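Here is how the chains run, residue by residue.
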Amino acid sequence: MRARELRLSEIMQFDEHYVGLSGRRMVLHDLHAFAQFRKDIVDSVGVEPARRMFTRFGTFWGEADAAAMKRLFRWENLEELIRAGPRMHSLQGVVRPVVRELELDRAMGRFEMKVTWYDSGEAEEHLLELGQADHPVCWMLVGYASGYATYCLGQRIYFVEQQCRGKGDRVCSVIGRDEASWGDALGPHRAFFEADKIMEKVNRLSLEIQRRQRALERAEERLGRAPTLGSWLEVRSNSFRRVLDLAERVAPYESSILISGESGTGKEVLARFIHSRSKHASDEFLGVNCASLPDSLLESELFGHKAGAFTGAIHDRVGLFEAAGQGTVFLDEIGEISPTMQAKLLRVLQEREVVRLGENRPRKIRARILAATNRKLADEVHTGRFREDLYYRIRVVELEVPPLRERREDILPLARHFVSRHAERLGLPELKLDASALNALLDYPWPGNVRELENALERASVLSRDGRITRRCLPPEVIESDRQHSPVPEPNQSLEQVEREHIQRVLKATGNNRSEAARILGIGQTTLWRKLKVEEAGTPRRVGPRSG
Ligand code: ZN
């Protein structure tokens, strides 16, 4: 999981009597009411104690969010988990943070993070009821950032606000460091993180105050602004982006392009993308799957025929090369065509003309021809199954579409795209992915690539309940792959279940070697045998102890 992949709609639950963040209850508050509350606190206890309370309140909030992020997702690395803090701040509408710098040295225990906060809601609250201050006022925000990072790293991290809108600066900016890195500079700031007696009272009050209506509106507005590229070509991965860049650069020229890649990677979509950015875009895009037709039919499909040219040819028929006009003809699975068809196709490409079956008059063609294959065509040339001259004719440029498992960053954007498409088709406007499904989607290797992902989500959309696609809605093989990876047990499992599953995982990892498994589990072989016996009791399959 990556920080920028977090979506509010997938982790929040909005029902009439219950608003929750993955099981934790939330309450929506109005910013103006909170501004009043803030003023009351400052008036009754003074600025310094009030600052401490709000800093502490923010700290609890940050810690709670960090705990939820850690519990919900498997993060690509520690840095992504830390970046999820500012991301959550943003999703919750508190502020718009931009991380300027993040340096992390686990070995040395050093941490430094510089963040700019745009449009701080807390500064707005302060200005609203208390007016401009002569000191930074984003106390909860500072607490949140500190609490979040502290929880993630397991060591105290302090954020200190350098500039603040509340004291007249254009934006707020903060620096977070570990205690040692701050040294004496932390000085007076440390006190704001310490509890005092009045805290307990305020904790109870302040725990009620977390979300604000405006936060949701802003977050949703931002969600609507996700960048898109073509239909489902929402590309994050560098590997696919490079392919697209190349495609875009060669699209305007007439050079022949061969698109290669595994089945289901979206070769036709890429061909349409090239078509749409070429001089041929104003005319037809016509595709044919060469593997699906026997030679005689493929020939008539591509070149056309005259009535009576063969049995069943009742009318004259225009072939794809002609029908496409100045558009594009897409020959999918070109690696499957017979040697005879290869020779005929080569002639068409060389002469730029076709002869309809049953005629002898050549006709000029103006369409661009794009080809695709899921074979390694170079190997086919090598073994003599594919003509070398045709190969070089169709692949002046080769675009290799990487399989989905090699561009995992694209999985969630694609998944969301498919969900929104199914939502429209099934008439379920509320349909969305649930957080519980994300790990499974990210972990599964997707041997059938984008097509398999699309099918899996179509199935899941149909099986969804209350508009949420949970893990359970996914196909069994996808769930299975997640279960094997999952280091975090589901929160509804008993200890016994967790133990059982863990034992099975270890057994699987050791190739069913029980002595090795017992060693890893830190129990004796007899104990392992007993535990397995209990598990197998009542099932017809019984396995005795195995030595070795
Ligand atoms: Zn501020």
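All of these numbers come straight from a predicted model, not from anything done at the bench. (Residues numbered from 1 in each chain as written. Predicted model: local features only at pLDDT ≥ 70, side-chain atom pairs only at ≥ 80, totals over all residues. Heavy atoms only, no water.)

1. Things to note about the overall build of the protein chain
Part 1 of the reasoning: Looking only at helices and strands, the protein chain has 23 helices and 20 strands in total.
Part 2 of the reasoning: Looking at the protein chain as a whole, 48% of its 548 residues qualify as buried.
Part 3 of the reasoning: Just so you have it, the protein chain exposes about 26,900 Å², and 49% of that area is on carbon and sulfur atoms. (Helix = DSSP H or I, 4+ residues; strand = E, 2+ residues; numbered from the N terminus. Buried < 20%, exposed > 50% of the residue type's maximum accessible area, 1.4 Å probe, protein only. Areas by Shrake-Rupley, 256 points an atom, 1.4 Å probe, with all protein chains shown as cover.)

2. Here we look at the coordination of the zinc ion
Part 1 of the reasoning: Within the protein, the zinc ion binds to C138 (SG), E161 (OE), C164 (SG) and C172 (SG); these donor distances fall in the range 2.0 to 2.3 Å.
Part 2 of the reasoning: Around the zinc ion sit 4 donor atoms, and with donor-metal-donor angles ranging over 102 to 117° the site reads as tetrahedral.
Part 3 of the reasoning: Look at E161 and you get buried, because its relative accessible area is 8%.
Part 4 of the reasoning: Given a relative accessible area of 0%, C172 falls into the buried group. (Donors = N, O, S within 2.8 Å, 3.2 Å for Na, K, Ca; no water. Tetrahedral: all angles 85-135°; square planar, octahedral: opposite > 155°, others 65-115°.)

3. Details of the sheet that holds strand β5 (residues 96-105)
Part 1 of the reasoning: If you walk across this open sheet you meet the 4 strands as β5-β6-β8-β7, and the pairing is antiparallel. Strand pairing shows two members of the sheet lacking a second neighbour, β5 and β7 (157-163), which therefore form its edges. On average, each strand axis in the sheet is tilted by 15° relative to the strand beside it, whichever way the strands run.
Part 2 of the reasoning: In this structure, β7 lies alongside strand β8 (residues 172-178), joined through 6 bridges in antiparallel fashion. Across the sheet, F159 pairs through a bridge with G176, a residue of β8.
Part 3 of the reasoning: The strands touched by helix α4 (residues 78-91) are β5 and β6 (110-118); relative to β5, the strand with the most contacts, the crossing angle is about 160°. (Pairing = 2+ DSSP bridges. Axes fitted to C-alpha atoms, helices over the stretch in contact; angles between N-to-C directions. Contact = heavy atoms within 4.5 Å.)

4. Topic: the sheet that holds strand β11 (residues 285-289)
Part 1 of the reasoning: The parallel open sheet is built from 5 strands, whose spatial order is β11-β14-β17-β10-β18. Single-partner strands in this sheet number two, and they are β11 and β18 (397-400). With strand direction ignored, the average angle separating the axes of adjacent strands in the sheet is 20°.
Part 2 of the reasoning: Pairing of strand β14 (residues 328-332) with strand β17 (residues 368-373), which is carried by 4 bridges, proceeds in the parallel orientation. The residue of β17 that forms the bridge with L331 is A371.
Part 3 of the reasoning: Strands β10 (257-260), β11, β14, β17 and β18 of the sheet are contacted by helix α11 (residues 267-276), whose axis makes an angle of about 150° with β10.

5. Description of the nonpolar core
Part 1 of the reasoning: Membership of the largest hydrophobic core comes to 89 residues, with the highest contact counts inside it found for M69, F73, W117 and F159.
Part 2 of the reasoning: Here this core gets 10 residues from one element, more than from any other, and that element is helix α6 (residues 139-153).
Part 3 of the reasoning: Discounting chain neighbours no more than four positions away, the residues touching F159 are F111, M113, V115, V142, A145, S146, A149, V174, I175, G176 and F193.
Part 4 of the reasoning: Membership of the second largest hydrophobic core comes to 30 residues, among which are A324, L349, L377 and V381. (Core = buried A, V, L, I, M, F, W, Y, C linked by side-chain atoms within 4.5 Å.)

6. A closer look at a nonpolar patch on the surface
Part 1 of the reasoning: Nonpolar side chains collect at one region of the surface, where L426, L428 and V462 lie side by side and expose about 240 Å² of accessible area between them.
Part 2 of the reasoning: Among the secondary structure elements, L428 is positioned in the loop between α17 (411-426) and β19 (432-433). (Patch = residues over 30% accessible without salt bridge, like charges linked within 9 Å, V, L, I, M, F, W, Y side chains within 5 Å. Salt bridge = Lys/Arg side-chain N within 4 Å of Asp/Glu carboxyl O.)

All quantities given are derived from atomic positions and should not be read as evidence of function.
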